[in-house]
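# Coordinate analysis (summary)
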Amino acid sequence: LLATVLAGSIVANLLAAALLALASEAPVDNIDRLLPPPLQAGLFAAIGWSLYLLSFDVLGLGAGAGALLTLQSARLWVPANLFGLGLWRASRKGVGGPLLIPIFILAVSALVHGLRLATGCPVPDARAAGWLMAEVVGEPASALWRSLSPSLVRWDVLFSAAALKQLVCAALFGPLVNTVLNYVLYGPLIRQKLDLKTELRSHALGTAAAAAAGGYSSYLGLSDSAIHRKIGGLDRFSCYFAAAVSALFLCAYPLCGLVGYLPTLAIAGICVYVGCDFLYDNLVEATRANGARAGLAAATVLAVCVWKDMLHGSLLGIAGAQACGWWQRRQQRRADKE
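Residues numbered from 1 in each chain as written. Predicted model: local features only at pLDDT ≥ 70, side-chain atom pairs only at ≥ 80, totals over all residues. Heavy atoms only, no water.

### A few points about the pattern of salt bridges
Counted under the stated rule, the structure contains six salt bridges. Of the charged contacts in the structure, one is a salt bridge between arginine 92 and glutamate 285, with a shortest N-O distance of 3.9 Å. Of this pair, arginine 92 sits in helix H5 (residues 71-92) while glutamate 285 is found in helix H15 (residues 264-290), placing the two residues 193 residues apart along the sequence. The partly exposed category is assigned to glutamate 285, whose relative accessible area is 29%. Its salt-bridge partner being arginine 154, residue aspartate 156 comes within 3.0 Å of it at the nearest N-O pair. (Salt bridge = Lys/Arg side-chain N within 4 Å of Asp/Glu carboxyl O. Helix = DSSP H or I, 4+ residues; strand = E, 2+ residues; numbered from the N terminus. Buried < 20%, exposed > 50% of the residue type's maximum accessible area, 1.4 Å probe, protein only.)

### Examining the confidence of the model for the protein chain
Here the protein chain averages 82 in pLDDT, and 86% of its residues register 70 or above. Of all helices and strands in the protein chain, the one with the weakest mean pLDDT is helix H12 (residues 219-222) (55), whereas helix H6 (residues 100-118) scores best (93). (pLDDT = per-residue confidence, 0-100.)

### Some remarks on the nonpolar core
Counting 31 residues, the largest nonpolar core has Leu59, Leu87, Phe104, Val108, Leu265, Ile270 and Tyr273 as its most contacted members. Mapped onto this core, the elements with two or more residues apiece are helix H3 (37-58), H5, H6, helix H7 (123-128) and H15. Residue contributions to this core peak at ten residues, all from H15. With sequence-adjacent residues up to four places away left out, valine 108 is seen in contact with Phe83, Pro263, Leu265 and Ala266. (Core = buried A, V, L, I, M, F, W, Y, C linked by side-chain atoms within 4.5 Å. Contact = heavy atoms within 4.5 Å.)

### Points about the packing of aromatic side chains
The way to describe two aromatic rings as a pair is by their centre distance and the angle between their planes. In total, this model carries eight aromatic pairs according to the counting rule given. Ring plane angle 80 degrees and centroid distance 5.5 Å describe the contact between tyrosine 52 and phenylalanine 56, whose orientation is recorded as edge-to-face. Residue tyrosine 52 and its partner phenylalanine 56 are both found in helix H3; the two are separated by four residues, about one turn of the helix. Residue classification places phenylalanine 56 among the buried residues on the basis of a relative accessible area of 5%. Ring geometry for phenylalanine 237 against tyrosine 240: centres 5.7 Å apart, planes inclined by 90 degrees, an arrangement best described as edge-to-face. Of this pair, phenylalanine 237 and tyrosine 240 both sit in helix H14 (residues 236-251), separated by three residues, roughly a single helical turn. Tyrosine 240 carries the same exposure label as phenylalanine 237, and that label is exposed. Aromatic rings pair up to connect Trp49, Tyr52, Phe56 and Trp77 into one cluster. Over the aromatic face of tyrosine 261 sits the side chain of arginine 127, whose NZ or CZ is 5.1 Å from the ring centroid. (Phe/Tyr/Trp six-rings, centres within 6.5 Å; stacked < 30°, edge-to-face > 60°. Lys NZ or Arg CZ within 6 Å of the ring centre and 35° of its normal.)

### Describing the side chain of asparagine 282
Looking at the secondary structure, you find asparagine 282 in helix H15. Of note is the side chain of asparagine 282, whose polar atom sits 2.8 Å from the backbone oxygen of phenylalanine 278. (Polar contact = N/O pair within 3.5 Å; in protein donor to acceptor, adjacent residues only side chain to side chain.)

### Structural notes on H5
Count 3.6 residues to each turn of an α-helix, and residues three or four apart come out pointing the same way. Look at H5: 31 Å from first C-alpha to last across 22 residues, which is about the 32 Å you get at 1.5 Å a residue. Within H5 the residues assigned to the buried category are Ser73, Ala74, Leu76, Pro79, Ala80, Asn81, Gly84, Leu87, Trp88 and Ala90. At the C-terminal side of H5, glycine 94 shows a positive phi close to 80 degrees. (Expected span 1.5 Å × (residues − 1).)

### Some points on a positive patch on the surface
A cluster of basic residues, Arg329, Arg333, Arg334 and Lys337, forms a positive patch on the protein surface. Here arginine 329 is to be found in helix H17 (residues 310-337). For arginine 329, a relative accessible area of 46% gives the class partly exposed. (Patch = residues over 30% accessible without salt bridge, like charges linked within 9 Å, V, L, I, M, F, W, Y side chains within 5 Å. Areas by Shrake-Rupley, 256 points an atom, 1.4 Å probe, with all protein chains shown as cover. Lys, Arg positive; Asp, Glu negative; His and termini not counted. Charge placed at Lys NZ, Arg CZ, Asp CG, Glu CD.)

### Some thoughts on the environment of valine 168
Inspection of the secondary structure assignment puts valine 168 in helix H10 (residues 161-190). Sequence-wise, valine 168 and alanine 16 are 152 residues apart; in three dimensions their C-alpha atoms are separated by 8.6 Å.

And the structure:
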């Protein structure tokens, strides 16, 4: 199974690198023609919804209403949502600046471990109850490379219709669309015009390097993008610091065991915070800025993405935007003739 997962990661990365290289040669500076603002808002809202749902996965809970209404589940997701919404509110008010997220993680960790020690709850019991992340045992990265044997890869599974759809979506909506949209947002955020072609070429090279190492690129953590700024990053030096921490865990792999002591409430709360921030910015704020019609279009794209998937939502949004543009041009021509 591990060999098949690694092979799928390499295939997705290589495909994404090729798409990013192609995108860098396209007229990306005119991205609004292909992905109009309502479609962009709908896709970002879908990303926000996915991040919000990820909080339940972190807590080990299903997202079904029946499972969430039990006392056993509510004792986890209710405080996670309260922490996340409180973090979101503090962020919107500018409290804490770049130290907000580290302070939040330290405060929640101190609270959970303080209660654990006060009640005499051992670490294994706290993990079993869902309060702490699962135990992690670090291994050298070479262990992954040794696992990547072509003879162990289930090629029939990897190139099945269902798996190919997931690989294409992983390449399109992870490295490609998210990267392009993040940089579309990032320029106005820092009040500078970015050279998108250069940025996309660098992402293509980085994604290809990740494929060579058998990994999956994480532009969210290591790129100076809109998400990076929203969670407290200040500039590229913040990215270098994140890369240095990643390198430390890669080289001193026993440190990975620290992840198992992080409270699930801290990680889930951050997922709630980022998810709500995306939903608010791209549904509420975007509707205020662009009008009710644009807000309805963004909500429709979000609904299709949630109901089906982001591929269907994107295709429907692009088709709808092009049809709307064609209709407006037709009406304009008629008005000009009159």
